[in-house]
Amino acid sequence: MTLSNVAARQVDPDDTGAVQAGRVRLAGSASAVLMQPTTLCNLDCSYCYLPDRKVARRMSVEVAEAVATGVREWSRRHPVSVAWHGGEPLAVDPAHFRSLVAPFGPGGTHSVAHKVTTNATRINDAWCEVFAQVPVQVTVSIDGPGEANASRTDWAGHPSTTQAMRGIDTLRRAGIGFNVIAVVSDLSVGAAGRLYRFACGLGCESLAVNLAEKKGVYAGRQLPQTGSVAFWQELAASRQADPRIRIRDLDHTYTYIREELSGAAAQRADRPIKPLPLVTWDGHYLPIGAELAGFRSPHHGPFTAGNVLDTPLTALAARAEQVPWVAEALAGIANCRTQCEYFTYCRGGQVANKYFETGRLDTTETAYCRTSKINLLEGILRHAEHART
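Residues numbered from 1 in each chain as written. Predicted model: local features only at pLDDT ≥ 70, side-chain atom pairs only at ≥ 80, totals over all residues. Heavy atoms only, no water.

## Observations concerning the pairing of strand E4 (residues 136-141)
Right, on to step 1. Counting buried positions over the six residues of E4 gives five, a clear majority of the element.
Right, on to step 2. Where the polypeptide runs from strand E3 (residues 112-118) across helix H5 (residues 125-133) and back to E4, its parallel neighbour, the crossover connection is right-handed.
Right, on to step 3. Bridge analysis of E4 against strand E5 (residues 178-184) gives four bridges, and the strand direction is parallel. When the sheet's bridge partners are listed, Thr139 is paired in E5 with Asn179.
Right, on to step 4. In this region the chain leaves E4, passes through helix H6 (residues 161-173) and returns to the parallel neighbour E5; the handedness of that crossover is right-handed. (Buried < 20%, exposed > 50% of the residue type's maximum accessible area, 1.4 Å probe, protein only. Helix = DSSP H or I, 4+ residues; strand = E, 2+ residues; numbered from the N terminus. Right-handed = clockwise from strand over helix to strand, strands pointing away. Pairing = 2+ DSSP bridges.)

## Some thoughts on the side chain of Asp143
Right, on to step 1. By the element assignment, Asp143 lies in the loop between E4 and H6.
Right, on to step 2. Here Val183 takes part through its backbone nitrogen, which lies 2.9 Å from a polar atom of the side chain of Asp143.
Right, on to step 3. Setting aside anything within four residues of it in sequence, one finds Asp143 in contact with Tyr47, Ala148, Asn149, Arg152, Ala182, Val183 and Leu195. (Polar contact = N/O pair within 3.5 Å; in protein donor to acceptor, adjacent residues only side chain to side chain. Contact = heavy atoms within 4.5 Å.)

## Topic: the sheet that holds strand E7 (residues 246-247)
Right, on to step 1. Here we have nine strands laid out as an open sheet, ordered E7-E6-E5-E4-E3-E2-E1-E8-E9, and mixed in their pairing. Edge positions in the open sheet fall to E7 and strand E9 (285-286), since each of these has one partner strand only.
Right, on to step 2. Across five bridges, the pairing between strand E2 (residues 80-84) and E3 is parallel. Bridge pairing links Ala83 to Lys115 in E3.

## Let's talk about the nonpolar core
Right, on to step 1. By size, the foremost hydrophobic cluster in this structure holds 104 residues, and its most contacted members are Val67, Trp84, Phe104, Phe131 and Phe231.
Right, on to step 2. A per-element tally of this core places helix H7 (residues 191-202) first, with seven residues.
Right, on to step 3. Phe104 has contacts with Met35, Ala64, Val67, Ala68, Val71, Arg72, Val82, Trp84, Val112 and His114, leaving out every residue within four places of it along the chain.
Right, on to step 4. Of all hydrophobic cores here, the second largest spans ten residues; its members include Cys41, Leu43, Tyr47 and Cys48. (Core = buried A, V, L, I, M, F, W, Y, C linked by side-chain atoms within 4.5 Å.)

## Concerning empty space enclosed by the protein
Right, on to step 1. Applying the stated rule across the entire model yields two cavities of 30 Å³ or more.
Right, on to step 2. Roughly 80 Å³ of internal volume is contained in the largest cavity.
Right, on to step 3. As for the largest cavity, its lining consists of Cys336, Cys340, Tyr342, Cys346, Gly348, Gly349, Thr364, Glu365, Cys369, Lys373 and Ile374.
Right, on to step 4. Broken down by class, the residue content of the lining of the largest cavity amounts to six nonpolar, three polar and two charged.
Right, on to step 5. When its volume is computed, the second largest cavity comes out at roughly 40 Å³. (1 Å grid on protein atoms, 1.4 Å probe; cavity = no way out; pocket = protein on both sides within 12 Å on 5 of 7 lines; lining within 4 Å. Points joined across faces, edges and corners; volume = space filled by probe spheres on them. Nonpolar A, V, L, I, M, F, W, Y, C, P; charged D, E, K, R; others polar.)

Shown next, in the form of structure tokens:
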């Protein structure tokens, strides 16, 4: 098995149908909506990209109600998940979180599910009661054992691992399942295996991996691209040797490979781009590039496509392509389609990474593409070749 067998197909410039279908479109509804209940975070992770995380700004119930109206309408057509993502979402108290969740109800024809990503340091019995009753699917941010989690300190520089592990223990005692998401800054030999074994030992249901990257307010080092192939290869080998939990990143790539091998992957290129909108604490709507929230472009001004307090969510989604910065981002995805052989696989990269790496939204390949997408695919293929031989 070689990369050329499984890499995404390029658009053939002689294929008139493909060129005509090459216009990048944004889907008119979303199957997942990110909500920012607060900008505040009690931790000061060294790689964090978020601005204003020392400021206690809190989402009002009016914003949640406005979003819920649109989400319920979308749920008549398909399931929708609402992902509460800060800041630290649990920096609001349980009672206020309940008041933000309540307007969504169970959904229309299809369900509305709730998720939360938390550093786990504030999890207690009261929060576990919320998670069980709403219910809420919990994802814990923790980067691994020992020094792997050293970047996650509080504002006084004190380690957060003990508090996070206490929160995880509270989840386990309450019988609440959880996932883990880790930010990886160490690509040395053995790091992937240690992370995987750590996640298995926590008893989580799945592991997601984000390689540390330069974006937002984080101006630190970009991880070397050469080490990420071996990291992903080792992670795939660890999962094969002990398949106790799922790995988000591997699962996404395996899905693509299966479609490629079955001949179905080419259809991916023509599908509309799925928005992953974020609604900020004060109601601003970003249909794509959620990490751009709170930032502004010298050319476009603040990254927003309107406010749910002024315009219904469904209307904001329907006209999002007309917003200049969104149109530029979609032009960048179209450029990826015509220039990159991996487009069918990654569907145009990450909008925010393009902006923070280049200052533009219409560029193509980024360091993020190489370390977290292309090298992920290459690592899986090297693992497959090694396992075969």
